[in-house]
Amino acid sequence: MNVVESTRLALESIWANRLRSFLTLLGVIIGIAAIIATAAVIHGLNRYVAEKLSNLGKGVFTVQRFGLITNRQQFLEAIRRNRRLLPADARAIEARCPEAEVVAWETHATVDLKRLDQEIRDTDCGGITPAILEIEPYDLDQGRFLVPGDEDRAAPVVFLGADVAERLFPNVDPIGKDLRVGGQQLEVVGVAVKKGSFLGFSQDNYVKIPYGLHRKLFGTGRSINISVKAADDARMAEAMDAVRAVLRARHHLRPADEDDFSMVTAEGINDLWSRLTQTIFTVAMFVVGISLVVGGIVIMNIMLVSVVERTREIGVRKAVGARQGDIVQQFLIESVLLSCLGGAIGVLIAFAASTALAVHTPLPASFPAWAPAVSFLICTLIGVFFGIYPALRAARLDPIEALRSE
Amino acid sequence: MTSSREPAVATDEVIRTAGLTRSFPMGSTTVHALRGIDLVIRRNEYVAIMGPSGSGKSTLMNLIGCLDTPTSGEYWLDGQPVAQLQEQDLAQIRNREIGFVFQTFNLLPRASALRNVELPLIYGGVPPAERKHRAAEALEQVDLADRMDHRPNELSGGQRQRVSIARALVTRPALLLADEPTGNLDSKTSAEIMVLFDRLHAAGNTIVVVTHERDIAERSHRIVTLHDGMVSSDEPHRRSRQP
């Protein structure tokens, strides 16, 4: 008997028991929908991270006191060992590393902003050297960014993130207006283009002021993050080695000592991120895998029931000439179709869910293009794996016994 | 055909059995259902197999129908030795050589009459268009041309049995094997079915009917009676024309 005929029989049988078929498929539907929804969220996050979070460009790295720390032990170790990075470190790099084309730095403080009766508490205030613009460009919405002249004069000026501008200067042009940053009256010179939010956190809730001014207002003891752009993109590793050598010398480290600072590259951020999401993905797959196994067992169960219910039909088929292979094929195609039908419904649900997530929540979910094909493959495997035993049982029925059954 | 194998079989023999036995192990004992059956049925014979329950007639029917294989002995169906065949080949023999008619009709409930009749052709690998054509033809032979699209539950008992007869005929088998074909029918419908069997016999078919009803057996031309797994009588029957 050919596959077309078996498929037709299987569809007839699934349709004849549609409620039961649907209930049978719930496990697979939920499993597949969950896999793909998870994959969609992670896929979306990855794309987002690749596009936006690691806005370090090519040939750029930063030197930080703590860097990318993923566990408590590392953190305690780093607090004990790592020294604060100071402008003198940055200047030494500038002076002694020809491989570093641009050196800029930034430090952070948490401040309250105030204008008239409006106030925003706990906003990030970055103290930057304007050279940072050559490394991490900010898109300008209005006004201008901080310039070297501001830094030289420690001018009382401030550059705003889009959220700050929206909240403190609604319907007003903020350029040239005054803003109190941590108690100090500063003049607004520019506003950045809105970047949006990531995982519900606004990326536009900040102000930037010249580094010299930052020191004056918030103290000289804060560690800085040093951003370095290599002279040659392709030779970033050499630039990193040179910077490392300078800092180790300045910090009087012996050859056996570990670095007491850390270096972060865009790749490093992406690596850390993919390690993180891989872990999430693995755990999610494991949980979802269980639901697929349960789904498969349910399919096997219903196929066994179906074999018992259709014992006489199997007897008739055998009496009129069906071979064992024909019966195996018929039942196997039925279980595979059943499973793939569940997969298809699961994919549709996942598509709807990831679209809804992307629209209505901060999660940047994105439906992966490979999802339908992979689901089809998984479901076919489930159908075959859990369908083969019932199919063999059907095929091995003795026709005489089968015809006699009620 | 494998008629080159010995012993040479006359081509008009549809069934030849020699010393056919079948025993079933039942716990510690063995039940000897058939104890050596020698039987020859020729083309276009109309034979009834009778016997009380437990006489072995069902076992014999299963062997003749290639649903089972004998414990010992030989069986040639349409000249082919089939006693030693494996399930795979038996399925093919059943498909080509035998048309079954069951007491309980055994139609597939969700399929139309036409689909039911097509079933053996599906397993015979007949292409769809020819399948439909031949199934429709078979249904015409049993006067059900106007019921082709009805499902079994939309048909009367007699009509169902006629669908099942059409299914048995559709592969043009060497042998029509009917097991108590009127057992589930009232006497009027039974008579109609038996008239249909007469007609099929007149059209050249070889028919074996297994029954325990004397008046059904008497429609045939030869009655083979089994007793305790042996043939106790085998005589031609001059059938009366009255039902």
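Structure's up top.
Residues numbered from 1 in each chain as written. Chains lettered and ligands numbered in written order. Predicted model: local features only at pLDDT ≥ 70, side-chain atom pairs only at ≥ 80, totals over all residues. Heavy atoms only, no water.

Draft legend 1. The packing of helix 10 (residues 266–309) of chain A against helix 13 (residues 371–395) of chain A, seen in detail. All names here are of chain A. Across the interface, helix 10 lies against helix 13 with an axial gap of 9 Å and an inter-helix angle of 30°. Considering their axes alone, helix 10 and helix 13 lie roughly parallel with respect to each other. The interaxial crossing formed by helix 10 with helix 13 has right-handed handedness. Every residue of helix 13 that contacts helix 10 at L292, V293, G296, I297, M300, M303, L304 and V307 is listed here: I378, I382, F386, Y389, P390, R393 and A394. Along the lines of polarity and charge, the residues of the contact of helix 10 with helix 13 split into 13 nonpolar, one polar and one charged. (Axes fitted to C-alpha atoms, helices over the stretch in contact; angles between N-to-C directions. Helix = DSSP H or I, 4+ residues; strand = E, 2+ residues; numbered from the N terminus. Parallel < 35°, antiparallel > 145°, perpendicular 65-115°, else oblique. Left-handed = near helix turned anticlockwise from the far one by under 90°. Contact = heavy atoms within 4.5 Å. Nonpolar A, V, L, I, M, F, W, Y, C, P; charged D, E, K, R; others polar.)

Draft legend 2. Just the pattern of salt bridges, in detail. Scanning the entire structure with this criterion turns up 42 salt bridges over all chains. The residue E313(A) makes a salt bridge to R317(A) at a minimum N-O spacing of 2.8 Å. Taken together, the residues E313(A) and R317(A), both in helix 11 (residues 311–319) and four residues apart, mark about one turn of the helix. R317(A) shares its class with E313(A); the two are buried. In this structure, the salt-bridge partner of E137(B) is R172(B), at a minimum N-O distance of 3.9 Å. Taken together, the residues span a long stretch of sequence, with E137(B) in helix 4 (residues 128–141) and R172(B) in the loop between helix 5 (157–169) and strand 7 (175–179) at a distance of 35 residues. Look at R172(B) and you get exposed, because its relative accessible area is 55%. Here the salt bridges share partners, and the residues they tie into one network are E5(A), R8(A), E12(A), R115(B), E118(B) and R131(B). (Salt bridge = Lys/Arg side-chain N within 4 Å of Asp/Glu carboxyl O. Buried < 20%, exposed > 50% of the residue type's maximum accessible area, 1.4 Å probe, protein only.)

Draft legend 3. Inspection of the interface of chain B and chain A at higher detail. Contacts between chain B and chain A engage 22 residues on the former and 25 residues on the latter. Taking both sides of the interface into account, the surface hidden between chain B and chain A amounts to around 2200 Å²; carbon and sulfur atoms contribute 55%. Three residues stand out in chain B for area buried against chain A, namely R110(B), R115(B) and Y123(B), and they jointly supply 32% of the buried area on that side. For the pair chain B and chain A, the number of links is three salt bridges. A salt bridge links R115(B) to E12(A), with the shortest nitrogen-to-oxygen separation between them at 4.0 Å. (Buried area = accessible area lost by both parts, 1.4 Å probe.)

Draft legend 4. Spatial organisation of the nonpolar core. In this structure, L60(B), I64(B), Y75(B) and L77(B) are the most contacted members of the largest nonpolar core, which totals 72 residues. If you tally residues by element for this core, the top one is helix 12 (residues 324–360) of chain A, at nine residues. When near neighbours in sequence (up to four residues on either side) are disregarded, L77(B) contacts V14(B), I15(B), C66(B), V82(B), I93(B), E97(B) and I98(B). Y46(B), V101(B), A135(B) and A178(B) belong to the second-largest nonpolar core, a separate cluster that totals 34 residues. (Core = buried A, V, L, I, M, F, W, Y, C linked by side-chain atoms within 4.5 Å.)

Draft legend 5. Representation of the environment of I280(A). Residue and element names in this part refer to chain A. Within the element layout of this structure, I280 appears in helix 10. Using a relative accessible area of 46% as the deciding quantity, one classes I280 as partly exposed. Each C-alpha atom of the pair I280 and I42 lies 8.5 Å from the other, and the pair is 238 residues apart in sequence.

Draft legend 6. Expanded view of the layout of surface pockets. There is about 660 Å³ of room inside the second largest pocket. As for the second largest pocket, its lining consists of 28 residues, of which I400(A), R404(A), S58(B), N62(B) and D179(B) are closest to the centre. When residues of the lining of the second largest pocket are traced back to their parent elements, those giving at least two are helix 14 (399–404) of chain A together with strand 1 (13–26) and helix 1 (57–64) of chain B. A per-element tally of the lining of the second largest pocket places helix 1 of chain B first, with five residues. (1 Å grid on protein atoms, 1.4 Å probe; cavity = no way out; pocket = protein on both sides within 12 Å on 5 of 7 lines; lining within 4 Å. Points joined across faces, edges and corners; volume = space filled by probe spheres on them.)

Draft legend 7. Layout of helix 9 (residues 236–250) of chain A. Residue and element names in this part refer to chain A. For helix 9, spanning 15 residues, the distance from its first C-alpha to its last is 21 Å, which sits close to the expected 21 Å at 1.5 Å a residue. Every buried residue of helix 9 is accounted for by M236, A239, M240, A242, V243, V246, L247 and R248. Summarising the contacts, the buried residues of helix 9 are in contact with strand 1 (60–64), helix 4 (87–96), strand 11 (225–230) and strand 12 (262–265). Of the residues one or two after helix 9, H252 is the one with positive phi, at around 55°. (Expected span 1.5 Å × (residues − 1).)

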